[in-house]
Amino acid sequence: MSETGNRLRKLLESPNFDPQNYVKQLSQQSDGDRDLQEHRQKIQTLADETAQNLKKNVYKNYRQFIETAKEISFLESEMYQLSHILTEQKSIMESITQALLSTDKDETSKEMQAAFPKETEDLKQRTLTSLLEKVEGAKNIMDTPGRHLVYNGDLVEFDVDNMSPIQKAHAFLMNDCLLIATWLPNRRGTVKYKYNALYDLESFAVVNVKDNPPMKDMFKILMFPDSRIFQVENSKVKKEWLEILDETKKKKASQDKHKKEEEVPTSPVRAEVSNNPFDVDDDEPADAEESVDLSLEWIQELPEDLDVCIAQRDFEGAVDLLDKLNEYLKDQPATQTVKELKAKVDERVRQLTEVLVFELSPDRSLRGGPKATRRAVSQLIRLGQSTKACELFLKNRAAAVQTAIRQLRIEGATLLYIHKLCNIFFTSLLETAKEFETDFAGNTGCYSAFVVWSRSAMTMFVDAFSKQVFDSKESLSTAAECVKVAKEHCQQLTEIGLDQTFTLQSLLVKDVKAALLSYKNIIIEATKHRNSEEMWRRMNLMTPEALTKLKDEMRSCGISFQQYTGDDCWVNLSYTIVAFTKQMMSFLEEGLKLYFPELHMVLLESLREIILVAVQHVDYSLRCEQDPEKKAFVLQNATFLHDTVLPVVERRFEEGVGKPAKQLRDLRKSTRPVRINPESTTSLV
């Protein structure tokens, strides 16, 4: 930038810059309009340079913005995992502290005991039963022996994202689980709530939510990977909920710990073996139980290790632990302790499956392509859930394809849009097929599901294709080019052994048939209109350029046209016959691009009907024309149709289709050259 430009930039960037004074001084100092124009040009140049610099800065930082957004998303997920781990660590530390300290209970425990005196087991169960009678769908809650009510109260659930109230709820805290029931506003009778969710005390963490008026008196329940926020009546009730939940979780953890210590097997005692295979001793289960060693450290810590792997999203590590346990227990008897261990492990397997299912759900981000689902799919297959993995994988890809099609903007020419549509759809289908073959290589039973899915995906593609090409009444040439592009892209699938050409043709045949018949009717009507105005005169193209262009058009159609051109710009054919020939050949070429085996007779009959209109008009003119010169000219046009046009149409159709055109051959034979006596008023066909 020049020195003058730098001074002007500094002046305009000055914090004390006053536009009015600047313009006033500039007007006083300028000699005339020319100085003002030059100064205006300098300011405009400076503005353009500033705008260009801003664009460069935006483009330069655009990728950084995207990467920063991704990092923020990853950081949010990691912070959530860290919060969950810290909560678990806090719970473990509090349990250790409680076990080491044998002092009296603190004031909070005394208050809780005063507020909730110890009840008998029967009274607690009766209270829980009476309350659960008000909950629809909670009849099986009492099936677990020893389960009793600890605390309950009304809550209001809020949306985690926008902090708006969702629904009223009622929570029932029991000694081993937490039941959430939603309020039924219009229900009469004893049933006032409906079962919503049941959480094991070990499967969630409770977090206090800082008051931020008007959002106050709230606490959050974290169940990886989800969370729920509830609001209570006042701060006192909130304090009670947090303390009772914490106290109940501690008691449950302590009871489980003591139970594990009691279940540590002692040295096995060899039982007396009976020779009678039908003699079943009542003490056999106890002996078998002692024969299974579950005191190994990794087995004792297995449920907690699975929880950590799930929280840290270490899916491979969790499945490796499960495989190790299954291998260890493969030949072991199913004793009571083994059943209890499997029950705990099965609960973790259920949680792991839910997390993997959530990873494959269409609600998750669809970026990354099919390879982004490989991790969750492979672990589900290892868990024996190959059918569910196949179903979720295909649903995820269907949502991704549908989203990509919806996001494709309809702008510009139709053919350009179809090129983009085919590129997006068939590339996604090809990538999905390759990823499916990689993930489910050992599950051949899932391949039929993929074939069914590919047909449904093709239906989705054809809906978008037909809406843009056929519903918008595009010309036949545009429709033909679009169908040709779709066919070429569909052929790409054959490289992986998937041929969807038949599916594409069967879905498009209805629209293509309608387009062919519609355009056929247009040509017939246009030909009849030109026939009604036929004067049987030679065609004058006025300029040599127009004649050259017509020769090139006929040559591109495969028609020998040189013998019908005369001196200057005259053509020894009528305008009607020339226009019909061009329109006929264009229809034939577009029809061959649209050709499907199912449309063979439709295209053949359409060509026959169009040709018949022209042939009948020529025959009628020969019979009715009285002037010998005009009759000879009509005969020349008829010869052109029979000897030049019809053979080219027949040959081109057979080359494009690969089948003989019997109807066209019969039509040409029926319109054999006309013999005419110039002195006679009749013609012989």
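Fair warning: this is a prediction, and the values are worked out from it, not measured in the lab. Within each chain, residue numbers correspond to sequence positions counted from 1 in written order. Thresholds applied to this predicted model are a pLDDT of at least 70 for local features of residues and 80 or more for the giving and counting of side-chain atom pairs; totals over whole chains, interfaces and linings are not thresholded and use all residues. Note that the side-chain values use all heavy atoms of the structure and ignore hydrogens as well as water.

## A word on the confidence of the model for the protein chain
Detailed reading of the predicted coordinates is not advisable wherever pLDDT falls low. On a range of 0 to 100, pLDDT expresses the predictor's confidence in each residue. Averaged over all residues, the pLDDT of the protein chain is 79; the fraction at 70 or higher stands at 85%. We call two residues in contact whenever any of their non-hydrogen atoms come within 4.5 Å of each other. For residues 116-120, every residue scores under 50 in pLDDT, and the model assigns this stretch three contacts once sequence neighbours within four places are set aside. Long-range and interchain partners of residues 266-290, a stretch whose pLDDT sits below 50, account for nine contacts in this model, where long-range means more than four residues apart.

## Quick word on the packing of aromatic side chains
Geometry of aromatic contacts follows a simple scheme: Phe, Tyr and Trp rings, the Trp one being its six-membered ring, pair when their centres are within 6.5 Å, and the pair is stacked under 30 degrees between planes, edge-to-face over 60, tilted otherwise. All chains considered together, the criterion is met by 18 aromatic pairs. Both rings, one in phenylalanine 425 and one in phenylalanine 461, keep their centres 4.7 Å apart while their planes meet at 15°; by these two values the pair is stacked. With phenylalanine 425 in helix H14 (residues 414-439) and phenylalanine 461 in helix H15 (residues 447-469), this pair connects stretches of sequence that are 36 residues apart. Ring geometry for phenylalanine 461 against phenylalanine 465: centres 5.8 Å apart, planes inclined by 40°, an arrangement best described as tilted. Placement of both phenylalanine 461 and phenylalanine 465 in helix H15 is noted, with a separation of four residues, approximately one turn of the helix. As far as the burial class goes, phenylalanine 461 and phenylalanine 465 line up, both buried. Taken together, the ring pairs connect Phe393, Phe436, Phe440, Tyr447, Phe450 and Trp453 into an aromatic cluster. Ring-over charges, as used throughout, are those where CZ of Arg or NZ of Lys falls within 6 Å of the ring centre and within 35 degrees of the ring normal. Taking NZ or CZ as reference, lysine 249 lies 4.8 Å from the ring centre of phenylalanine 204, over its face. Put simply, DSSP marks the helices as runs of H or I at least four residues long and the strands as runs of E at least two long, and each gets a number from the N terminus on. With a 1.4 Å probe rolled over the protein chains alone, any residue whose accessible area is under 20% of its type maximum counts as buried; one over 50% counts as exposed, and the rest are partly exposed.

## Observations concerning helix H21 (residues 628-657)
Relative to the 44 Å expected for 30 residues at 1.5 Å per residue, H21 spans 42 Å between its end C-alpha atoms, a close match to the ideal helical length. The largest bend along H21 measures about 35° and falls at valine 645, with the proline proline 647 one to four residues further on. Here a polar contact is recorded for every N or O atom pair within 3.5 Å, except that within protein the pair must consist of a potential hydrogen donor and a potential acceptor, and residues adjacent in sequence are included only if both atoms are side-chain atoms. Between a side-chain oxygen at the N-terminus of H21 and the backbone nitrogen of glutamate 629 the separation is 3.3 Å; the capping residue is aspartate 627. Once H21 finishes, glycine 658 follows within two positions and takes phi at roughly 85°, a positive value. The span you would expect from a helix comes to 1.5 Å times its residue count less one. Two axes enter the bend calculation: one fitted to the seven residues ending at the residue in question, the other to the seven starting there, and the bend is the angle between them.

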